[in-house]
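A closer look at the structure
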Amino acid sequence: MKKTVDWFFRFLEFLVVAAMVAMVIMVFGNVVLRYGFNSGITVSDEMSRYCFIWLTYIGAMIAMRDKGHLGVDTLVKHLPRAGKKTCLFLSEALMLWCNVLFVVGTWKMHDLQVTNVSPVVGISMIWIYGIGYVVGTVMALFNLHVLWRLVTGRIADDELVQVVESEDVPLAAPASATPEGAKA
């Protein structure tokens, strides 16, 4: 199962890269055509916008898997184990509720989006906004997995605080790691 999930997310990462490359090519090409040749490709504005929508939602799924979403752990990291478990449960339950609302909202708008056609490209808007089904379902599965592990006691203590330190901020070196002769 883990291999299937890994392949799925590799495919999503490929889609993010493809959407980004497509956006850059379409926008840059359109700018060159507009300013250099006083013409443009009308499809590129709309398609780059659609690529951006998909890129955002697919990136959100990837970030959820990598625990890359923003979080504030100032209070939670100082709580006892039971408090951390309660906060994690509430957090995951609220995210699950939001994902259910996202899927239900997409479902309620489905009929309208199927008949709504994009002005330039002429495709049904469900191809654009139907990503809500995928995003809501995938993220809800992650929430359910964490909740299941939490309820069954299969979650480690270091996983109770779901905030990952930023890669941009270097962590302070431990006192034992300072070179000899250096002042602390």
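Note: the structure precedes this text.
Residues numbered from 1 in each chain as written. Predicted model: local features only at pLDDT ≥ 70, side-chain atom pairs only at ≥ 80, totals over all residues. Heavy atoms only, no water.

Take the overall build of the protein next. Counting secondary structure elements, the protein contains five helices and zero strands. Residues classed as buried in the protein amount to 27% of the 184 residues present. Summed over its atoms, the accessible surface of the protein is roughly 13,000 Å², and 69% of this surface lies on carbon and sulfur atoms. (Helix = DSSP H or I, 4+ residues; strand = E, 2+ residues; numbered from the N terminus. Buried < 20%, exposed > 50% of the residue type's maximum accessible area, 1.4 Å probe, protein only. Areas by Shrake-Rupley, 256 points an atom, 1.4 Å probe, with all protein chains shown as cover.)

On to the packing of helix H3 (residues 81–115) against helix H5 (residues 131–151), then. Two elements in contact, H3 and H5, have axes separated by 9 Å at closest approach and are oriented at 155°. For the element pair H3 / H5, the angle class is roughly antiparallel. Viewed along their axes, H3 and H5 form a crossing whose handedness is left-handed. For the contact of H3 with H5, the class distribution of residues is 17 nonpolar, seven polar and two charged. (Axes fitted to C-alpha atoms, helices over the stretch in contact; angles between N-to-C directions. Parallel < 35°, antiparallel > 145°, perpendicular 65-115°, else oblique. Left-handed = near helix turned anticlockwise from the far one by under 90°. Nonpolar A, V, L, I, M, F, W, Y, C, P; charged D, E, K, R; others polar.)

Attention now moves to H5. Owing to its 3.6 residues per turn, the α-helix brings residues three or four apart onto one side. Between its first and last C-alpha atoms H5 spans 30 Å; for 21 residues at 1.5 Å apiece the expected length is 30 Å, and the two agree. The set of residues buried in H5 consists of Ile131, Gly132, Val135, Gly136, Val138, Met139, Ala140, Asn143, Val146, Leu147, Arg149 and Leu150. Among the structural elements, helix H1 (2–37), helix H2 (42–65), H3 and helix H4 (126–129) are those in contact with the buried residues of H5. Phi for Gly153, located one or two positions after H5, is positive at around 80°. (Expected span 1.5 Å × (residues − 1). Contact = heavy atoms within 4.5 Å.)

Taken as a whole, the largest pocket encloses approximately 1,000 Å³ of empty space. Taken together, 40 residues line the largest pocket, and the ones lying closest to its centre are Met64, Glu92, Phe142, Val146 and Gln162. Contributions of two or more residues to the lining of the largest pocket are made by H1, H2, H3 and H5. Of the residues contributing to the lining of the largest pocket, the split by class is 24 nonpolar, eight polar and eight charged. (1 Å grid on protein atoms, 1.4 Å probe; cavity = no way out; pocket = protein on both sides within 12 Å on 5 of 7 lines; lining within 4 Å. Points joined across faces, edges and corners; volume = space filled by probe spheres on them.)

So, on to the side chain of Ser118. Residue placement: Ser118 occurs in the loop between H3 and H4. For Ser118, the side chain forms a polar contact with the main-chain nitrogen of Gly122, separated by 2.9 Å. Those residues within four positions of Ser118 in sequence are excluded, and the remaining contacts are Glu46, Tyr50, Ile123 and Met125. (Polar contact = N/O pair within 3.5 Å; in protein donor to acceptor, adjacent residues only side chain to side chain.)

To continue, consider the pattern of salt bridges. For the structure shown, the criterion picks out five salt bridges. Salt-bridge contacts for Arg65 lead to Asp6; the nearest nitrogen and oxygen are separated by 2.2 Å. Of the two residues, Arg65 sits in helix H2 while Asp6 sits in helix H1, which places them 59 residues apart along the sequence. Within this structure, Lys2, Asp6 and Arg65 form a network of salt bridges that share partners. (Salt bridge = Lys/Arg side-chain N within 4 Å of Asp/Glu carboxyl O.)

So, about H3. The terminal C-alpha atoms of H3, which comprises 35 residues, lie 51 Å apart, in line with the 51 Å expected from a rise of 1.5 Å per residue. Along H3, the helix axis deviates most sharply at Met109, where the bend reaches about 50°. Taken as a whole, H3 has its buried residues at Gly83, Lys84, Leu88, Glu92, Leu96, Asn99, Thr106 and Gln113. Where H3 is buried, its residues meet H4 and H5. (Bend = angle between axes of the 7 residues up to and from the residue.)

Packing of H1 against H2 brings their axes to within 9 Å, and their N-to-C directions diverge by 150°. One element, H1, and the other, H2, form an angle in the roughly antiparallel class. Handedness of the H1/H2 crossing: left-handed. A per-class count over the contact of H1 with H2 returns 18 nonpolar, four polar and six charged.

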